[in-house]
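# Chain and residue survey
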Amino acid sequence: MTFKKYVNKCIAWVLIAIIGAMIVKPVSAQSNPVLPVPVWEWKGAGQIIETPYHYKNTAYLVSSGEVASATKVWPVVILTAVDVNSGKKKWSYTFYEKGTPYPLSTSPLVYGSDGAVYAMVSDVTGNKLFAVTASGKAKWIIQVPEADELYMMRDGTLLLIDRDKRDSSGKTANWVYSYNASGKQIGKKTIGDIYSVVDGQYIVSQVEFSSKDSKGAYQKIRADFYNSKLGHVFSYSFPARAYTDISEAVWTLDGGNVMFRVNIPEKGNQLVAVNAKGKAQWRLSIAGNADVESAKGGFAVFGSNELRFYNAKGGLVTKRKLVVQHEAPMFTLWKAADQKLLVRMNDRQLIVNPATLKTLYEFPLDTADVEYRYTGNGYLYRISESSSQISQFVL
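Residues numbered from 1 in each chain as written. Predicted model: local features only at pLDDT ≥ 70, side-chain atom pairs only at ≥ 80, totals over all residues. Heavy atoms only, no water.

### Re the packing of aromatic side chains
Here the structure, examined in full by the defined rule, presents 20 aromatic pairs. Summarising the aromatic geometry, the rings of tyrosine 53 and tyrosine 60 are spaced 6.4 Å apart at their centres and angled 5 degrees between planes, so their arrangement reads as stacked. Overall, tyrosine 53 belongs to the partly exposed group, its relative accessible area being 31%. Overall, tyrosine 60 belongs to the buried group, its relative accessible area being 0%. Centroid distance tyrosine 202 to phenylalanine 225: 5.3 Å. Interplanar angle 85 degrees. Geometry classified as edge-to-face. With tyrosine 202 in strand E16 (residues 202–213) and phenylalanine 225 in strand E17 (residues 216–226), the pair connects residues that are 23 residues apart, well separated along the chain. For phenylalanine 225, a relative accessible area of 0% translates into the label buried. These aromatic residues form a ring-pair network of at least three members: Tyr202, Phe225, Phe234, Tyr236, Phe238 and Phe260. Taking the ring centre of tryptophan 175 as reference, the NZ or CZ of lysine 165 above it sits at 4.9 Å. (Phe/Tyr/Trp six-rings, centres within 6.5 Å; stacked < 30°, edge-to-face > 60°. Buried < 20%, exposed > 50% of the residue type's maximum accessible area, 1.4 Å probe, protein only. Helix = DSSP H or I, 4+ residues; strand = E, 2+ residues; numbered from the N terminus. Lys NZ or Arg CZ within 6 Å of the ring centre and 35° of its normal.)

### Regarding the side chain of glutamine 392
The residue glutamine 392 is located in strand E33 (residues 389–394) in this model. A relative accessible area of 1% means that glutamine 392 is categorised as buried. Within the structure, glutamine 392 has its side chain in polar contact with the backbone oxygen of valine 84 (distance 2.8 Å). Here the side chain of glutamine 392 touches tyrosine 381 through a polar contact of 3.1 Å, side chain to side chain. (Polar contact = N/O pair within 3.5 Å; in protein donor to acceptor, adjacent residues only side chain to side chain.)

As structure tokens, this is what we get:
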């Protein structure tokens, strides 16, 4: 999921909550799932601002904080490592270099397979990339180009994206920079206005150009796939007059295929699977307002109050009736951290096993003050904005 898609879905959730609060509806006896007693609770000086992340027996908590100079107080981001089982603090790290005013974290933190944590911070000296080890020590701090987004790829490579970088002639373009785990830049290139970083495997750039056929002129769309080092892997050209938005409509599937959502004239909305050579493998027609999400073993489609799960070859595995009445069917499904499905209902949130579509866990909806964040393997966190407190549950 791209940062843009994450923001769009978060905005949609806020709107859903507001609309739901304005509409008076009968409340079922099951409208408030009962949670177990918290395993532990943690309260910091600032608010928790990101979903906790687990590395082995450590939970990383990201919160807001402040540092003071002789005359100013600067807002900063603080990373606190606590024991997963007890909540006991292990260490903390503040993403700030002494003597550099106006620090601003420009993108959510990302995490390496070795427990290293990376943060991008902009201050008066420019844009910096911080690397912190799993023991809380500074690994390195380097100066990097201006960027808006930070991604961790599957192989440990870091991608930085600068949206709308302006050159000396005044033209703007999106630039991508690639860095290895040692902080060395290993690639850079421009990409299209519409793009997506897909499951830490590819960065996909949507290219549009003029074409024509017997029916006249039209805009042709092509998807260019690049690896973490920004080398070109393959391309896929969509059918004539097809429409897609790669920033929100591309997924990787088990077995190496990539799946697009596309609207094709006279055929309607389809899911199209493409192999690593850019060849279409299969197509599946779906409703125009259906929600789609990948998960372990394949992908799910929700529409008309029915949840369906398909394998990576497009074959139906199982289906389940789910009545969802909120007005945003495009934002019902999410992929959970453990490759399960998160389904947002009218009165609760479900964690569903994609292979069987059976509910594994359920927990309440977010409110104006409280957010619930599932981090995988039965771990749930409740974050209270007003009290700056986080509570851990094992479901």
